[in-house]
Amino acid sequence: MKIASVMTQFLAIACLAVSPSARASGSQTFGAQCSMCHQPSGAGLPGSFPRLAGRTPVMAGSPEGRRYLAMVLLYGLYGPISVDGKQISGLMPTMGSLSDQAIAEVLNHTLTLARPAHKVAPFTAAEIAAVRAEPRKGGSDVAAERARLAGRGLIP
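For every chain, the first residue of the written sequence is number 1, and numbering continues from 1 along that sequence. Restriction of local features to residues with pLDDT of at least 70 applies here, the model being predicted, together with a cutoff of 80 or more for giving and counting side-chain atom pairs; totals for whole chains, interfaces and linings are based on all residues. Only hydrogens and water are set aside; all other atoms, that is, all heavy atoms of the structure, feed into the side-chain values.

S.K.: In this structure, what is going on with the packing of aromatic side chains? I would like to understand it.
M.R.: Only rings of Phe, Tyr and Trp enter the pairing, Trp through its six-membered ring, and a pair is recorded when the two centres are within 6.5 Å. The plane angle decides the type: under 30 degrees is stacked, over 60 is edge-to-face, the rest tilted. On inspection of all chains with the given rule, the structure shows 0 aromatic pairs. Whether a charge lies above a ring is judged from NZ of Lys or CZ of Arg, which has to be within 6 Å of the ring centre and within 35 degrees of the ring normal. One Lys or Arg, arginine 66, reaches over the ring of phenylalanine 123 and ends 4.1 Å from the middle of that ring.

So this is what it looks like as structure tokens:
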């Protein structure tokens, strides 16, 4: 448990230390705050951080999946998850200090990391603001939501 706590603190500090300007584009913010773990291509790091390339558009294809993606950035996620048939025990720190617009732009960037099977609508700041207006969640709440959506086949 101590190692997980230290890792959580390290990742949170690392992600906050590279604070992008308020005008940074989604690709710039992704490069500064997300690519260290998820890689610039969105390929992820097996066993630690999930692949985003090709997965984000699938999740963004349903209202529940879009809400979940916003929750992940707003509140973080921790605990074991299964991605591409493999267990991951990584940690996603909260990015809730970013503006609603910046979060929408990061999510929109992730939609471009691989050719999606179908086109999905871009995220909007208003969509992120609506999720932010809900009662605050913790990383374990987001993990529970992920498990629920994965069970329904909405998360690959």
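After that view, the rundown keeps rolling.
S.K.: In this structure, what is going on with the environment of isoleucine 88? I would like to understand it.
M.R.: Only DSSP runs of H or I covering at least 4 residues are called helices, and only runs of E covering at least 2 are called strands; the numbering of each starts at the N terminus. Looking at where isoleucine 88 falls in the secondary structure, it is placed in strand β3 (residues 86-88). Here the term buried applies to any residue with accessible area under 20% of the maximum for its type, exposed to any over 50%, and partly exposed to those in between, with areas from a 1.4 Å probe on protein chains only. By relative accessible area, which is 5% here, isoleucine 88 ends up buried. Considering only alpha carbons, one finds isoleucine 88 and tyrosine 78, 10 residues apart in sequence, at a separation of 9.9 Å. Discounting residues that sit within four places of it in the chain, isoleucine 88 has contacts with Gly47, Ser48, Phe49, Pro50, Gly79, Pro80, Ile81 and Val83. We call two residues in contact when some of their heavy atoms are within 4.5 Å.

S.K.: Help me understand the packing of helix α2 (residues 26-33) against helix α6 (residues 100-110), please; the structure alone is not making it clear to me.
M.R.: If you want to describe how two helices pack, look at the angle between their axes and the distance between the axes. For every element, the axis is a line fit to its C-alpha atoms; helices are fit only across the contacting stretch, and the angle between N-to-C directions ranges from 0 to 180 degrees. Direction vectors running N to C along α2 and α6 enclose 85 degrees, while the axes themselves pass 7 Å from each other. Compared by their axis directions, α2 and α6 come out roughly perpendicular. Residues Gly26, Ser27, Thr29 and Phe30 of α2 lie in contact with α6, whose contacting residues are Glu105, Val106, His109 and Thr110. In terms of residue class, the contact of α2 with α6 is made up of 2 nonpolar, 5 polar and 1 charged. Comment on the angle field: the value is read as roughly parallel under 35 degrees, roughly antiparallel over 145, roughly perpendicular from 65 to 115, and oblique elsewhere. Amino acids are sorted into nonpolar (Ala, Val, Leu, Ile, Met, Phe, Trp, Tyr, Cys and Pro), charged (Asp, Glu, Lys and Arg) and polar (every other residue, Gly among them).

S.K.: For this particular structure, what's the right way to read α2?
M.R.: For an α-helix, the turn length of 3.6 residues means that residues three or four places apart are oriented alike. Residues of α2 that are buried: Gly26, Thr29, Phe30 and Gln33. Around the axis of α2, the buried residues are gathered within 100 degrees of arc, so they sit on the same side. An arc is given here, and it is the one of the directions from the helix axis to the C-beta atoms.

S.K.: Honestly, empty space enclosed by the protein in this entry has me stumped. Any pointers?
M.R.: Rolling a probe over the atoms, with the probe sized like a water molecule, indicates the empty space that remains. Cavities and pockets were defined on a 1 Å grid built from protein atoms only: a cavity is a group of points that admits a 1.4 Å probe but offers it no way out, a pocket is an open group of points flanked by protein on both sides within 12 Å along at least five of seven lines, and a lining residue is one with an atom within 4 Å of any such point. Grid points are joined across faces, edges and corners, and a volume is the space filled by probe spheres set on the points. Under the counting rule described, the total for this entry stands at 2 cavities of 30 Å³ or more. One number sums up the size of the largest cavity: a volume of about 340 Å³. Taken together, 29 residues make up the lining of the largest cavity; nearest its centre are His38, Pro50, Leu52, Val72 and Met92. Elements with a contribution of two residues or more to the lining of the largest cavity: α4 (56-59), α5 (63-75), β1 (77-78), β2 (81-83), β4 (91-92) and α6. Ranked by residue count, the leading element in the lining of the largest cavity is α5, at 4 residues. Within the lining of the largest cavity, the residues separate by chemical class into 20 nonpolar, 7 polar and 2 charged. In this structure, the second largest cavity is lined by 10 residues; those nearest its centre are Gln33, Cys37, His38, Met92 and Pro93. The set of elements that each furnish at least two residues to the lining of the second largest cavity consists of α3 (35-38) and β4.

S.K.: How should I be thinking about the side chain of arginine 55 in this particular structure?
M.R.: Inspection of the secondary structure assignment puts arginine 55 in the loop between α3 and α4. Polar contact criterion, stated in full: a pair of N or O atoms within 3.5 Å, where within protein one must be able to donate a hydrogen and the other to accept it, and residues adjacent in sequence count only if both atoms are side-chain atoms. Here proline 156 takes part through its backbone oxygen, which lies 2.8 Å from a polar atom of the side chain of arginine 55. When near neighbours in sequence (up to four residues on either side) are disregarded, arginine 55 contacts Pro50, Val83, Asp84, Arg146, Ile155 and Pro156.

None of the figures reported here should be taken as evidence of function without further support.
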